[in-house]
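Commentary on secondary and tertiary structure
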Amino acid sequence: MALNVLMFYLLSAVIVICSVLTITTTRILRAAFYLLCVLVATAGFYFMVDYQFMAGVQLVLYAGGIVVLIIFSILLTSHISHKFAKPEAIRLAMGILVGLGGFALSTIAILKYAFTPTANPAIKVDMQAIGLQLLGTGKNGYVLPFEVISILLLAAMIGAIIIAKKGK
Amino acid sequence: MLEGIPITHVLIVSAFMFFAGVCGFIIRRNMITILMSIELILNAVNINLVVFNKYLFPDQLQGHFFALFVVGIAAAEASVAIALIINIYRRLSSISVDKVNEMKY
C-alpha cells in the first residue's frame, strides 16, 4: 500500500475514534482533549491535500484558539474532575437512531453518485493566488465577505465582553 | 499526494464525523459538550468543502475560501456561546441544559 494511502487511513482512524470518544466520555476535560485530537488530525488532512494555508489557519484558530477557550470555560464553570451522569435511555436511543440513520443515508447517497472531475488544469495554490483572490474585486473576488467578516468579528468581540461582564 | 484515495472514502469519513456531532448534540446535557459537538459538525463540513474543491474543481478556490470563512464564523460563535454559558453559570450555578427552563419576566 502506498504511503500516502496509509497516512490517510491513519488520520481517518484518529478522526473516527476520537470523535466517538468525544461524545461518549464521562469526564469533561477528556472530551476537550479528544476534540483537540480530531482538530489536529483534520489539519493533517489539509496538509495532505496541499492546502497549507488552510491547515495553518485550522491549527492556529481551532486547535490553538477555540479548544483553549473551551478549556478555560470548563475550568471556570465546573469542577475539573466532574463526571457526567449517564443520559437517560430514551435520549440515548434517539441520538443513536438519528446518528446511525443519517450516516447510513449519507453513505448510500455518496456511493451512488457519480463524481466527475472537471477537465480544466489545476492551479497552484500558493499565497500569491490566495491573496489575490481574497482581496480581489472582479469575478472570484472575496473582498466583500472579507470586510463583512471583520465587522462580524468586531461585533462578536464586543458582544462577548458585554455579556460576560460582572456586575449590573 | 492524492493518488489511490477515492473521493468517496474521504466523504464517508466526514459524514461519520458530522453524524457523531449530531448524536453528541442530542445525547449530551452539558452546555460545553454541546458546543464541542457543534465544532465537530462544522469541521466535518469544512472537510467536505475542501475535498470537493480539490478533487472535482482543482482550477478554482471557492471551497477553500468558503471553508476559511466557516472557520472565522465558528470562532466568533464559540466565543459568544462561552460568554453566554459563563453568564448562565453565574445565575444558576449549573451548566446543565435541563436547568435553563425559565424566561425572566
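Let me begin by describing the structure that accompanies this report. Throughout, a residue's number is its position along its own chain's written sequence, starting from 1. Both sets of labels track the order of writing: A upward for chains, 1 upward for ligands. Owing to the predicted nature of the model, reporting of local features is limited to residues with pLDDT of at least 70; listing and counting of side-chain atom pairs is limited to 80 or more, with chain, interface and lining totals taken over all residues.

1. With respect to the overall build of chain A
Put simply, DSSP H or I for four residues or longer makes a helix, DSSP E for two residues or longer makes a strand, and each gets a number counted from the N terminus. A count of helices and strands for chain A gives 6 helices and 0 strands. Listing every helix and strand of chain A by position from the N terminus yields α-α-α-α-α-α. The principal-axis extent of the C-alpha atoms belonging to chain A is close to 55 × 50 × 30 Å. Relative to its full complement of 168 residues, chain A shows a buried share of 20%. For every residue pair, C-beta atoms are placed from the backbone, and the pair is scored as a contact if these atoms sit within 7 Å. Within chain A, contacts between residues at least 6 apart in sequence are counted, and of these 45% link residues at least 24 apart. Three exposure classes are used, all based on how many other C-beta atoms lie within 10 Å of a residue's own C-beta (placed from the backbone): buried at 20 or more, exposed at 12 or fewer, and partly exposed between those limits.

2. Digging into the overall build of chain B
Each helix and strand in chain B was counted, giving 3 helices and 0 strands. Element order for chain B, N to C, with α for helix and β for strand: α-α-α. Based on the C-alpha atoms only, the size of chain B along its principal axes is roughly 55 × 25 × 20 Å. Within chain B, the fraction of its 105 residues that count as buried is 47%.

3. Observations concerning helix α3 (residues 52-77) of chain A
Because each turn of an α-helix spans 3.6 residues, side chains separated by three or four positions in sequence point in the same direction. To estimate the expected span of a helix, subtract one from its residue number and multiply by 1.5 Å. In this model, α3(A) (26 residues) spans 36 Å end to end at C-alpha, consistent with the 38 Å of a helix rising 1.5 Å per residue. Here α3(A) has its buried residues at A:Met54, A:Gln58, A:Tyr62, A:Ile66, A:Val67, A:Ile70, A:Ser73, A:Ile74 and A:Thr77. Its buried side turned inward, α3(A) meets α2 (28-48) of chain A together with α2 (31-56) and α3 (62-92) of chain B.

4. Quick notes on the environment of B:Val80
All names here are of chain B. On the secondary structure map, Val80 appears in helix α3. Of the residues examined, Val80 has 16 C-beta atoms within 10 Å and is grouped as partly exposed. Spatially, the C-alpha atom of Val80 lies 14 Å from that of Met36, the residues being 44 residues apart in sequence.

5. Digging into the interface of chain B and chain A
With 61 residues of chain B at the contact, the number on the chain A side is 74 residues. Of all elements in the fold, only α1 (7-27), α2 and α3 of chain B reach the threshold of two or more residues within the side of chain B that touches chain A. Top element by residues in the side of chain B that touches chain A is α3(B). It accounts for 20 residues. Under the convention adopted here, Pro, Cys and the residues Ala, Val, Leu, Ile, Met, Phe, Trp and Tyr are nonpolar, Asp, Glu, Lys and Arg are charged, and Gly plus all remaining residues are polar. In the side of chain B that touches chain A, the residues fall into 44 nonpolar, 12 polar and 5 charged.

6. A word on the nonpolar core
Here, a nonpolar core means buried Ala, Val, Leu, Ile, Met, Phe, Trp, Tyr and Cys residues linked by C-beta atoms lying within 7 Å of one another. Residues A:Ala32, A:Leu35 and B:Ile32 are the most contacted members of the largest nonpolar core, which totals 59 residues. Where this core is concerned, the elements lending two or more residues are α1 (3-24), α2 and α3 of chain A together with α1, α2 and α3 of chain B. With 13 residues, the top contributor of residues to this core is α1(B). Ignoring any residue separated from it by four or fewer positions in sequence, one finds B:Ile32 in contact with A:Ile28, A:Ile70, A:Ser73, A:Ile74, B:Ile85 and B:Ile95.

7. What to know about the packing of α3(A) against α3(B)
In contact at an axis separation of 11 Å, α3(A) and α3(B) are set at 10 degrees when each is read in the N-to-C sense. Classified by the angle between their axes, α3(A) and α3(B) sit roughly parallel to one another. Counting all contacts with α3(A), which are made through A:Met54, A:Val57, A:Gln58, A:Leu61, A:Tyr62, A:Gly65, A:Ile66, A:Leu69, A:Ser73, A:Leu76 and A:Thr77, the residues of α3(B) involved are B:His64, B:Ala67, B:Leu68, B:Val71, B:Ala75, B:Ala78, B:Ser79, B:Ile82, B:Ile85, B:Ile86 and B:Tyr89. Looking at side-chain class alone, the contact of α3(A) with α3(B) contains 16 nonpolar, 6 polar and no charged residues. Axes here refer to lines fitted to C-alpha atoms; in helices the fit is confined to the stretch in contact. Angles between the N-to-C directions go from 0 to 180 degrees. The scheme is simple: roughly parallel for angles under 35 degrees, roughly antiparallel for over 145, roughly perpendicular for 65 to 115, oblique for anything else.

8. Some details on the packing of α1(B) against α2(B)
Residue and element names in this part refer to chain B. Their axes nearest at 8 Å, the elements α1 and α2 cross at an angle of 165 degrees. With respect to α2, the element α1 is oriented roughly antiparallel. Crossing hand, α1 versus α2: left-handed. Counting all contacts with α1, which are made through Ile7, Val10, Leu11, Ser14, Met17, Phe18, Ala20, Gly21, Val22, Gly24 and Phe25, the residues of α2 involved are Thr33, Ile34, Ser37, Ile38, Leu40, Ile41, Asn43, Ala44, Ile47, Asn48, Val51 and Tyr55. Each crossing gets its hand from how the near helix is turned against the far one by less than a right angle, where anticlockwise is left-handed and clockwise is right-handed.

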